[in-house]
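# Examining the three-dimensional arrangement
Each chain, letter by letter, is given below.
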Amino acid sequence: MKLKNNKENVEIYDNNLLVGKIPNSIFELLKVYFKNYDNLEIIGIFDKIFNGNGEKIKNLLDIRYKKFFKLNISNINSHNTNINLYNDIIYLDRIKSFEPESIVLVLNNNCFCNCRYCYAGAGVKDTCEIKQMDLLLFEKIVKELINFNIENIDFTGGDILLHTDINNIFDICARNSIKFCFSTKKKLTKSDLKLIESYKNFINYIQISIDSIIEDEQNKLIDKKNYSSIAIKNISDLIKLGINVRVNSVVTSFNINSIIDLSFYLKKMGVNKHVYSPYANNLKNHNKIMFPSYEQYENLRNLLDQNRDLEGFIEKPIFLTNCEEKEYTSCQAGLTGLVINFEGDVFVCERLSVDKEYSIGNLKEKTIREIWNSKDIEKFSFPNRELFKNSDCYDCSHFDDCIRTRGICFVHSLLINKSLYGKDNNCKIYTDRERIF
């Protein structure tokens with residue numbers, strides 16, 4: 001979607017079709033949304049546009065532009081519509097929030113399983129030192145987060161239930177009225193279940209991973225004897241506690257033919273949602289044999305179309321809608337959320353968090369807000385052309401459109417170019433595409 005200033009008003013285009021018009025005053029606000037200003041700068045700009053009512057306007061605005069159009073501000077008259085903060089065309093697909101909307105906390109690197117598809121490389125012989133976030137750092141993060149409009153923290157690892165201070169972590173969240181979700185593959189003990197029950201009012205959901213109810217298939221993917229039985233028992237115990245349970249399955253060549261049977265089984269159990277995640281090429285651990293064929297994807301799509309009972313229960317990613325065309329969603333790296341690892345390193349993408357090289361700052365040195373408003377994050381949110389100097393993108397006529405409308409997938413670029421800044425699989429002129437999903 002794009003907006004075009006037509007002097008008297010602003011026209012809204014979707015796929016080059018005119019879908020509506022908005023006043024110039026609102027256009028000026030959206031320009032502010034688009035650029036990477038901090039809060040004080042935004043208020044100052046609003047003051048200029050709206051004759052000293054900047055703070056009032058800011059308080060009216062929701063963090064995200066999608067809710068912006070619901071606001072009743074038609075009675076606001078712009079007295080300075082000639083302020084040129086940017087050019088006369090902006091794209092709505094990728095707009096940076098005032099502050100982070102979502103936070104993923106990687107609490108530790110200790111895991112219960114060795115999964116062959118793990119993007120963090122756990123399926124490879126892991127000789128890494130086991131590390132975890134200390135409570136002082138966690139408390140510092142929580143103190144900052146309560147000032148943001150974040151409704152949920154996503155805890156990940158490793159397996160957070162292996163964190164030695166997990167009781168205190170849950171307690172800190174509860175004392176600060178912060179809700180959270182997490183995933184686990186650990187066999188849940190009575191002690192684990194007691195802990196979960198104690199804090200269930202603060203748990204939005206717990207995600208359990210299981211890829212197949214056929215033990216032989218599951219064993220090909222997770223090096224843990226009888227894992228399917230462990231996962232099913234965990235799901236059953238959590239449902240009995242009244243926990244909202246989601247299940248994630250990685251779709252590979254080993255389990256794609258039976259995954260719909262797993263969906264029916266889980267729905268009957270009372271699982272809330274079944275998420276299909278494609279096996280993907282990654283930076284640490286990859287085996288092409290695990291890619292399903294496009295024919296297998298097509299067969300799965302047909303099966304799902306025939307079984308409407310599962311509609312709404314299965315969260316189907318775009319790869320099941322248009323896998324061969326490789327049409328992926330717009331990248332939101334550096335626009336909406338952050339990933340923080342156990343050492344306080346901050347990243348724009350969870351898949352990049354496996355390497356400290358891609359960190360944009362550390363919370364032992366800076367605050368979350370400082371990092372969010374830093375120049376380092378701009379290298380991901382709105383990278384300039386000079387960063388692509390050694391790539392095919394540098395002289396490409398589609399550069400601005402790519403960066404502004406969808407953003408580049410930096411993981412894809414690393415896989416293809418061995419560099420953050422280069423073409424990815426969404427490239428309009430890249431024909432000899434590598435298999436990513």
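This text follows the structure it describes.
These lines cover the structure that appears in this document, whether it is placed above or below. Numbering of residues starts from 1 in each chain and follows the order in which that chain's sequence is written. With pLDDT at 70 or above as the cut-off, local features in this predicted model cover only qualifying residues; side-chain atom pairs require 80 or more to be listed or tallied, and sums for whole chains, interfaces and linings still use all residues. Values reported for side chains reflect all heavy atoms of the structure, with hydrogen atoms and water molecules removed beforehand.

## Describing the overall build of the protein
Helices and strands together make up the secondary structure of the protein, namely 15 helices and 14 strands. Throughout, exposure labels follow a simple rule: accessible area from a 1.4 Å probe, protein chains only, divided by the maximum for the residue type, with under 20% read as buried, over 50% as exposed, and the rest as partly exposed. For the protein, with 437 residues in total, the buried portion stands at 51%. Partitioning the intrachain contacts of the protein with sequence separation of at least 6 by distance along the chain shows that 69% fall at a separation of at least 24. By definition, any uninterrupted DSSP run of H or I lasting at least four residues is a helix, any uninterrupted run of E lasting at least two residues is a strand, and each is numbered from the N terminus. Contact between two residues is taken to exist if any of their heavy atoms lie within 4.5 Å; hydrogens are not considered.

## With respect to the sheet that holds strand β5 (residues 102–106)
Two strands are said to pair when DSSP picks up at least two bridges between them. The ten strands lie next to each other as β11-β10-β9-β8-β7-β6-β5-β12-β13-β14, forming an open sheet whose pairing is mixed. A strand with exactly one partner marks an edge of an open sheet, and here the two such strands are β11 (314–315) and β14 (361–362). Two strands pair when backbone bridges link them, and β5 and strand β6 (residues 153–156) are joined in this way by four bridges, in the parallel orientation. For Leu105, the partnering residue across the bridge sits in β6 and is Phe155.

## Comments concerning the pattern of salt bridges
A side chain with one charge can pair with a side chain of the opposite charge if their charged atoms come near. Whenever a carboxyl oxygen of Asp or Glu lies within 4 Å of a side-chain nitrogen of Lys or Arg, that contact is scored as a salt bridge. If you walk through the whole model with that rule in mind, you get 14 salt bridges. Residues Lys389 and Glu386 are paired through a salt bridge, measuring 3.9 Å at the closest nitrogen-oxygen approach.

## Section: the packing of aromatic side chains
Two aromatic rings, drawn from Phe, Tyr or Trp (for Trp, its six-membered ring), form a pair once their centres lie within 6.5 Å of each other, and the interplanar angle then sorts them: stacked below 30 degrees, edge-to-face above 60, tilted otherwise. One pass over the full model with this rule turns up eleven aromatic pairs. On the numbers, 5.8 Å between centres and 35° between planes, the contact of Phe170 with Phe182 is tilted. Here the residue Phe170 occupies a position in helix α5 (residues 166–175), and Phe182 occupies one in strand β7 (residues 180–184), the gap between them amounting to twelve residues. Side by side, Phe170 and Phe182 carry an identical accessibility label, which is buried. Relative to Phe182, the ring of Phe180 has its centre 6.5 Å away and its plane inclined at 25°; by these criteria the two rings are stacked. Relative accessible area serves as the criterion here: at 0%, Phe180 is assigned to the buried category. These aromatic residues form a ring-pair network of at least three members: Phe138, Phe155, Phe170, Phe180, Phe182 and Tyr199.

## Quick look at the nonpolar core
Membership of the largest hydrophobic core comes to 100 residues, with the highest contact counts inside it found for Leu105, Phe138, Phe155 and Phe182. Among the elements that make up this core, the one with the highest residue count is α5 (six residues). Leu105 has contacts with Met133, Phe138, Ile141, Ile153, Asp154, Phe155, Thr156 and Ile340, leaving out every residue within four places of it along the chain. We define a nonpolar core as any set of buried Ala, Val, Leu, Ile, Met, Phe, Trp, Tyr and Cys residues linked to one another through side-chain atoms lying within 4.5 Å.

## Topic: helix α9 (residues 259–269)
Think of an α-helix as 3.6 residues a turn; residues three or four steps apart then line up on the same face. Turning to α9, its buried residues number three or more, namely Ile259, Ile260, Leu262, Ser263 and Leu266. For α9, the arc enclosing every buried residue in end-on projection is 150°, short of the 170-degree limit, so these residues lie on one face. Directly beyond the C-terminal end of α9, a positive phi value near 110° is found at Gly270. The directions considered for the arc run from the helix axis to the C-beta atoms.

## With respect to the pairing of β7
With four of five residues buried, β7 lies mostly within the body of the structure. Pairing geometry for β6 and β7, over three bridges, is parallel. Bridge pairing in β7 links Ile153 to Phe180. In this sheet, strand β8 (residues 203–209) lies alongside β7 in parallel orientation, the contact comprising five bridges. Bridging across to β8, Cys181 finds its partner in Tyr205. When the strands point away from the viewer and the connection leading from the first strand across the helix to the second strand turns clockwise, the crossover is called right-handed. On the question of chirality, the crossover connecting β7 to the parallel β8 by way of helix α6 (residues 190–198) is right-handed.

## Some points on the packing of helix α4 (residues 135–145) against α5
Each packed pair of helices is defined by two parameters, the angle between the axes and the distance between the axes. Helix axes use the C-alpha atoms of the stretch in contact, all axes being lines fitted to C-alpha atoms, and the angles between their N-to-C directions lie in the range 0 to 180 degrees. Two elements in contact, α4 and α5, have axes separated by 11 Å at closest approach and are oriented at 20°. Put simply, α4 runs roughly parallel to α5. Viewed along their axes, α4 and α5 form a crossing whose handedness is right-handed. Seen from α4, the contacting residues are Leu135, Phe138, Glu139 and Val142; seen from α5, they are Asn168, Ile169, Ile172 and Cys173. Three residue categories are used. Nonpolar comprises Ala, Val, Leu, Ile, Met, Phe, Trp, Tyr, Cys and Pro, charged comprises Asp, Glu, Lys and Arg, and polar comprises the others, including Gly. Broken down by class, the residue content of the contact of α4 with α5 amounts to six nonpolar, one polar and one charged. Note on angle classes: values under 35 degrees are labelled roughly parallel, values over 145 roughly antiparallel, values of 65 to 115 roughly perpendicular, and the remainder oblique. Handedness of a helix crossing follows the sense of rotation of the near helix relative to the far helix, less than a right angle counterclockwise being left-handed and clockwise being right-handed.

## Description of unusual backbone geometry
Even without being glycine, Asn226 reaches a positive phi, approximately 60°. Its place among the elements puts Asn226 in the loop between α7 (215–221) and α8 (227–240).

## Here's the deal with helix α15 (residues 410–417)
For α15, the buried fraction is high: seven of the eight residues fall into the buried class. Buried within α15 are the following residues: Phe410, Val411, His412, Ser413, Leu414, Leu415 and Ile416. The inward-facing, buried residues of α15 abut α13 (375–381). Following α15 by one or two positions, Lys418 has its phi on the positive side, about 60°.

Geometric values such as these leave the question of function open.
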